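Each chain, written out:
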Amino acid sequence: MAVTAKRRSGHPYRLLWLAMVSAGLSLVVALLRREHLLPAGVETVAVLVPVIPLVAFFLGFAGWIRGLDELERLIHLEALVVQFGGTGILAMAYGALARAGAVPDVPASHAYPFLWVAIFVFWAIGLAVVRRKYR
């Protein structure tokens, strides 16, 4: 039992590490692109490099969720509903405000890092709210 608990508790840290590696690689590639330090043939491949640890993150996340008990799965499912709804509402509201001219119309290629942050923030908020419900 102790081995399982240790493996389970260490798993989210591995997932956090993968997410941080992906974010770090994204920043490095963005800086290299901004300074025009990537040759044209390498640039296309370089922009996809941060996706590799992100794929590993999502595969690991799915495995981590499968290892949780039923109540924890339910909590995470409800948190994902909050995350999905919050992100969708935020994207739609910003899009409507941009069309009305109330906020800058930002291209999706510039907005996606902020959407990723919103996804994780809404998931964390959902997780906190739902966990409180099941205390």
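Quick note: structure is the one above.
Note that this is a predicted model, so its numbers are computed, not measured.

A. A look at the layout of surface pockets. Size it by volume and the largest pocket reaches roughly 1200 Å³. In terms of lining residues, the largest pocket is bounded by 33 residues, among which Ser22, Ala23, Ser26, Tyr112 and Trp116 are the most central. Within the residue set of the lining of the largest pocket, elements represented by two or more residues are helix H1 (2-34), helix H3 (51-66) and helix H5 (108-133).

B. Spatial organisation of the nonpolar core. Ranked by size, the top nonpolar core spans six residues in total: Leu15, Leu18, Phe57, Phe61, Trp64 and Leu68. When contributions to this core are tallied by element, the ones reaching two or more residues are H1 and H3. Here this core gets three residues from one element, more than from any other, and that element is H3. Among residues more than four places away in sequence, those in contact with leucine 15 are Phe57, Gly60, Phe61 and Trp64.

C. Summary view of the packing of helix H4 (residues 70-99) against H5. Two elements in contact, H4 and H5, have axes whose closest approach is 7 Å; the angle formed by their N-to-C orientations is 135 degrees. Of the possible angle classes, the one that applies to H4 and H5 is oblique. Considering the relative orientation of H4 and H5, their crossing is right-handed. Facing H4, whose interface residues are Glu72, Ile75, His76, Glu78, Ala79, Leu80, Val82, Gln83, Gly86, Thr87 and Leu90, H5 presents Leu115, Ala118, Ile119, Phe122, Trp123, Gly126, Leu127, Val130, Arg131 and Lys133. Of the residues that constitute the contact of H4 with H5, the class distribution is 12 nonpolar, five polar and four charged.

What counts and what doesn't
- Residues numbered from 1 in each chain as written.
- Predicted model: local features only at pLDDT ≥ 70, side-chain atom pairs only at ≥ 80, totals over all residues.
- Heavy atoms only, no water.
- 1 Å grid on protein atoms, 1.4 Å probe; cavity = no way out; pocket = protein on both sides within 12 Å on 5 of 7 lines; lining within 4 Å.
- Points joined across faces, edges and corners; volume = space filled by probe spheres on them.
- Helix = DSSP H or I, 4+ residues; strand = E, 2+ residues; numbered from the N terminus.
- Core = buried A, V, L, I, M, F, W, Y, C linked by side-chain atoms within 4.5 Å.
- Buried < 20%, exposed > 50% of the residue type's maximum accessible area, 1.4 Å probe, protein only.
- Contact = heavy atoms within 4.5 Å.
- Axes fitted to C-alpha atoms, helices over the stretch in contact; angles between N-to-C directions.
- Parallel < 35°, antiparallel > 145°, perpendicular 65-115°, else oblique.
- Left-handed = near helix turned anticlockwise from the far one by under 90°.
- Nonpolar A, V, L, I, M, F, W, Y, C, P; charged D, E, K, R; others polar.

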